[in-house]
Amino acid sequence: MTLQTFILTLCCDDRPGIVAAVTTALSAAGANIAESNQFWDRQTNRFFMRIAFQVPVGVLRDDLERALKAPIDRFGMKVSITDGGRKPRILILVSKFDHALLHLIYQIRVGWLNAEVVAVVSNHNDSQRTAELEGIPFYCWPVNKENKAEKEEKLLQLVQETGADLVILARYMQVFSDNLSKRLYGKAINIHHSFLPSFKGAKPYHQAHERGVKLIGATAHYVTPDLDEGPIIEQETERVTHAMGAEDFVAAGRDIESRVLARAVKLHLEDRVMLNGHKTVVFR
């Protein structure tokens, strides 16, 4: 029998019987559960769950939604069901620093990331050759104060036209407006050059070097109107020493940023990240 995989994520107020109701409904629909994760946030009494399961080919998402209707209504669940066999579509934004972009492209090429890059958008031409070599449409849209609203509208149109599931700011050195941040909430990931919101502005690693820090790191988070303050998905740090120069900090930072962003993208595309207010629940 040929099988297909679906991923169910749900959240609701915690009550007895949720897991039993959901798994019973899936079993009745002919599903075989391959992976299950759950979390109860005691502070908010919210329950989060992710289930990957297989069903015979021919079973549609509509069939699964009907099978789950009773527990959804009973517990007031917020539910998402995605086709695990579908390749997600991503749109990458980049400026002059292309290390995170190159790492994402490589991880897709070797199959670690299951995604299709539908476009690369930049405010500079530096990454045009990279996109062309990969056969990815490239758009260079310089942004300034006068045309910012226009370019953001073009970006939203491109997201719609390409069917992009996720927008990735791979060291894109432009700040989204509040309007764009809200419209892409939960669907745009940024990489920030710190494991804490510090050393903002130009040359953050040089600032860190001047302050004599002992740890540098990076944070991948969802984009919100609050700059670099969005719900955190993934982080990493690395120890540095007084013997390292500013350029050594920059090199270490590039590696960390690339890895952290790629891991965050993978977690999101596999429906392992669930928003929980200002935080996230991440099922590894």
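Residues numbered from 1 in each chain as written. Predicted model: local features only at pLDDT ≥ 70, side-chain atom pairs only at ≥ 80, totals over all residues. Heavy atoms only, no water.

Draft legend 1. Structural context of the sheet that holds strand 10 (residues 215-222). Pairing is mixed across the open sheet formed by 7 strands, whose spatial order is 7-6-5-8-9-10-11. Two strands bound the open sheet, and with one partner strand each, they are strand 7 (138-140) and strand 11 (232-239). Averaged over neighbouring strand pairs, the angle between their axes works out to 15° when direction is ignored. With 4 bridges joining them, strand 9 (residues 188-192) and strand 10 adopt antiparallel strand pairing. Looking at strand 10, one finds that isoleucine 189 is bridged to tyrosine 222. The strands touched by helix 4 (residues 99-109) are strand 5 (89-94), strand 6 (116-122) and strand 8 (166-169); relative to strand 5, the strand with the most contacts, the crossing angle is about 155°. Here helix 9 (residues 246-269) sits on the sheet and contacts strand 5, strand 8, strand 9, strand 10 and strand 11; the angle it forms with strand 11, its principal contact strand, is near 155°. (Pairing = 2+ DSSP bridges. Helix = DSSP H or I, 4+ residues; strand = E, 2+ residues; numbered from the N terminus. Axes fitted to C-alpha atoms, helices over the stretch in contact; angles between N-to-C directions. Contact = heavy atoms within 4.5 Å.)

Draft legend 2. Expanded view of the pairing of strand 6. With 6 of its 7 residues buried, strand 6 lies for the most part within the structure. The pairing of strand 5 with strand 6 spans 6 bridges and is classified as parallel. Counterpart to isoleucine 90 in the pairing with strand 6 is valine 117. One ladder, built from 3 bridges, connects strand 6 with strand 7; its direction is parallel. Paired with valine 121 across the strands is tyrosine 139, a residue of strand 7. Following the chain from strand 6 across helix 5 (residues 128-134) to the adjacent parallel strand 7, one finds a crossover that is right-handed. (Buried < 20%, exposed > 50% of the residue type's maximum accessible area, 1.4 Å probe, protein only. Right-handed = clockwise from strand over helix to strand, strands pointing away.)

Draft legend 3. Structural view of the side chain of serine 194. Here serine 194 lies in the loop between strand 9 and helix 8 (204-211). Residue serine 194 is classed as buried on the basis of its relative accessible area of 7%.

Draft legend 4. Seen up close, the nonpolar core. In terms of nonpolar packing, the biggest core is built from 40 residues, with Leu104 and Leu261 touching the most fellow members. Of all the elements in the fold, those that place two or more residues in this core are strand 5, helix 4, strand 6, strand 8, strand 9, helix 8, strand 10 and helix 9. Of the residues forming this core, the biggest block, 11 residues, is contributed by helix 9. When neighbours within four sequence positions are excluded, leucine 261 is seen to be in contact with Ala100, Leu104, Ile168, Leu169, Ala170, Ile189, Ile191 and Ala220. In this structure, Leu26, Phe47, Phe53 and Leu68 belong to the second largest nonpolar core, which totals 21 residues. (Core = buried A, V, L, I, M, F, W, Y, C linked by side-chain atoms within 4.5 Å.)

Draft legend 5. Quick peek at a nonpolar patch on the surface. Residues Tyr106, Val110 and Trp112 make up a contiguous nonpolar surface patch of about 300 Å² in total accessible area. Mapped onto the elements, valine 110 comes out in the loop between helix 4 and strand 6. (Patch = residues over 30% accessible without salt bridge, like charges linked within 9 Å, V, L, I, M, F, W, Y side chains within 5 Å. Areas by Shrake-Rupley, 256 points an atom, 1.4 Å probe, with all protein chains shown as cover. Salt bridge = Lys/Arg side-chain N within 4 Å of Asp/Glu carboxyl O.)

Draft legend 6. Structural view of the packing of aromatic side chains. Under the counting rule described, the total for this entry stands at 3 aromatic pairs. Considering the side-chain rings of phenylalanine 6 and phenylalanine 53, the 6.2 Å spacing of their centres and the 25° angle between planes classify their relative orientation as stacked. One end of the pair, phenylalanine 6, is in strand 1 (residues 3-13); the other, phenylalanine 53, is in strand 3 (residues 46-56), with 47 residues separating them in the sequence. Each member of the pair, phenylalanine 6 as well as phenylalanine 53, carries the same accessibility label: buried. For the pair tyrosine 139 and tryptophan 141, a centre-to-centre distance of 5.5 Å together with 45° between the ring planes defines the contact as tilted. Taking NZ or CZ as reference, lysine 266 lies 4.8 Å from the ring centre of tryptophan 112, over its face. (Phe/Tyr/Trp six-rings, centres within 6.5 Å; stacked < 30°, edge-to-face > 60°. Lys NZ or Arg CZ within 6 Å of the ring centre and 35° of its normal.)

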